[in-house]
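# Structural description and commentary
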Amino acid sequence: MSASLAIVSNPPEAENTAKSVESLTDRIKRLQDEARGMAREHIKQLEQSMHEVARLAAEVADGGDAYPVGVREMARTLVTDYEARQLSLQAILHRSGNVH
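Quick look at the structure, then. (Residues numbered from 1 in each chain as written. Predicted model: local features only at pLDDT ≥ 70, side-chain atom pairs only at ≥ 80, totals over all residues. Heavy atoms only, no water.)

A rise of 1.5 Å per residue sets the reference length of helix α2 (residues 24-61), with its 38 residues, at 56 Å; its end C-alpha atoms lie 54 Å apart and thus fit the reference within 8%. Taken together, the buried residues of α2 touch α3 (69-96). (Helix = DSSP H or I, 4+ residues; strand = E, 2+ residues; numbered from the N terminus. Expected span 1.5 Å × (residues − 1). Contact = heavy atoms within 4.5 Å.)

Listed below in structure tokens is the structure:
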């Protein structure tokens, strides 16, 4: 006993629906735009976190004798490094056209 096979064609409604679906190229462009937008948000979060670390480091660096000398020096280095990294990040974003 074998099962019988039937040929089913797409109904006309399916063809109309397929034409209204966004093209693959449009979908790729939309997803790339969405990914770039998400990347901008992520970079903004990175900048905010870096700023917060620099703020805390500045407090520790200026904290006086309550903090060990090595910790204060490390904190000063973090503040200086943050300033240079922030400028570099802004330059990269400016060159890539992602200035916000």
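Between its first and last C-alpha atoms α3 spans 40 Å; for 28 residues at 1.5 Å apiece the expected length is 40 Å, and the two agree. Those residues of α3 that sit buried are Arg72, Ala75, Val79, Tyr82, Gln86, Leu89 and Leu93. Buried residues belonging to α3 abut α2. Looking one or two residues beyond α3, the residue adopting positive phi is glycine 97, at roughly 80 degrees. (Buried < 20%, exposed > 50% of the residue type's maximum accessible area, 1.4 Å probe, protein only.)

Another point: the packing of α2 against α3. A pair of packed helices can be characterised by two numbers: the angle between their axes and the separation between those axes. Orientation of α2 relative to α3, taken along the N-to-C sense of each, is 155 degrees, at an axis distance of 8 Å. In terms of axis orientation, α2 runs roughly antiparallel to α3. Note that α2 runs across α3; the crossing there is left-handed. Counted together, Ile43, Glu47, Met50, His51, Ala54, Ala57, Ala58, Val60 and Ala61 of α2 and Val71, Arg72, Ala75, Arg76, Leu78, Val79, Tyr82, Arg85, Gln86, Leu89, Gln90 and Leu93 of α3 form the full contact between these two elements. Of the residues contributing to the contact of α2 with α3, the split by class is 14 nonpolar, 3 polar and 4 charged. (Axes fitted to C-alpha atoms, helices over the stretch in contact; angles between N-to-C directions. Parallel < 35°, antiparallel > 145°, perpendicular 65-115°, else oblique. Left-handed = near helix turned anticlockwise from the far one by under 90°. Nonpolar A, V, L, I, M, F, W, Y, C, P; charged D, E, K, R; others polar.)

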